[in-house]
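# Working through the structure, step by step
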Amino acid sequence: MNKTDTKNKNARGSSAQFFVAGELCRRNLVAVVTMGNTPNTDVLCSNIEGTKFVHIQVKTYPPGNRTVTVGLKAEKDYGEKFIWVLAGIPRENDKREFEYYIIPSSEVAKNISNAHKKWLSEPGLKGRVRKDSNIRVIAIPPYADYTGWKIDKYKNRWDIIEDLLK
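So, here is what we can say about the structure in this document. What you see is a predicted model; the values in this text were computed from it and never measured.

If you look at the biggest cluster of nonpolar residues, it comprises 39 residues, and the most contacted ones within it are V20, L24, I56, L86 and I161. Only α1 (3–26), β1 (30–33), β2 (43–46), β3 (53–61), β5 (82–88), β6 (99–104), α2 (105–121) and α3 (159–164) provide two or more residues apiece to this core. The element contributing the most residues to this core is β5, with six residues. Non-local contacts of L86, meaning those with residues more than four positions away in its chain, are made with K59, Y61, V68, V70, E99, Y100, Y101, I103, I138, I140 and I151.

Once that is clear, we can look at the pattern of salt bridges. Applying the stated rule across the entire model yields nine salt bridges. Here R96 and D94 are joined by a salt bridge, their closest N and O atoms 3.2 Å apart. Its relative accessible area of 47% is what places R96 among the partly exposed residues. Between D132 and R136 there is a salt bridge, and its shortest N-O distance comes to 3.9 Å. When its relative accessible area of 5% is taken as the criterion, R136 is described as buried. The structure contains a network of salt bridges with shared partners spanning E23, R26, R27 and E162.

Estimated volume of the second largest pocket: approximately 300 Å³. Every residue lining the second largest pocket is counted, 17 residues in all, and those nearest its centre are A115, W119, R136, V137 and Y146. Breaking the lining of the second largest pocket down by element, the ones donating at least two residues are α2 and β7 (137–139). The dominant element in the lining of the second largest pocket, judged by the number of residues it contributes, is α2, at four residues. The residue inventory of the lining of the second largest pocket, partitioned by class, reads 10 nonpolar, three polar and four charged.

Thresholds, definitions, all that
- Residues numbered from 1 in each chain as written.
- Predicted model: local features only at pLDDT ≥ 70, side-chain atom pairs only at ≥ 80, totals over all residues.
- Heavy atoms only, no water.
- Core = buried A, V, L, I, M, F, W, Y, C linked by side-chain atoms within 4.5 Å.
- Buried < 20%, exposed > 50% of the residue type's maximum accessible area, 1.4 Å probe, protein only.
- Helix = DSSP H or I, 4+ residues; strand = E, 2+ residues; numbered from the N terminus.
- Contact = heavy atoms within 4.5 Å.
- Salt bridge = Lys/Arg side-chain N within 4 Å of Asp/Glu carboxyl O.
- 1 Å grid on protein atoms, 1.4 Å probe; cavity = no way out; pocket = protein on both sides within 12 Å on 5 of 7 lines; lining within 4 Å.
- Points joined across faces, edges and corners; volume = space filled by probe spheres on them.
- Nonpolar A, V, L, I, M, F, W, Y, C, P; charged D, E, K, R; others polar.

Structural measurements only, silent on function.
Rendered as structure tokens:
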């Protein structure tokens, strides 16, 4: 990856956090981008009264990608008040729509762990034994992950966050 690609990826990642926060504010919630100052939380969201909170981890990918990388921490269930938002942010001059998948931490943890174990247990290219790493991925529709998990039902499911804040 060259320097320009890295800058674009970083800018798209940062912008995704603001797009997610903006959508939550549009839905009459309070959302603050943490700017890296809160472990595992890109956006902190509360109800308007400030009495209930949800932690949101945002992972960005360009629409059309087969997967989004989430990393090893995706195997941990951080509890019901922790949500992953996979944000499909189009590249500059790309006419595709923005896309969002809002997925509870428990669902991500269970499925990422199962898919990675299955991937490790099966032979790789030319029958080689696969080596473990910290990389974990989620397949973006229409694709499924290694176990067949599809995230279609989480597309634009902002109600998952809204319901936690009622």
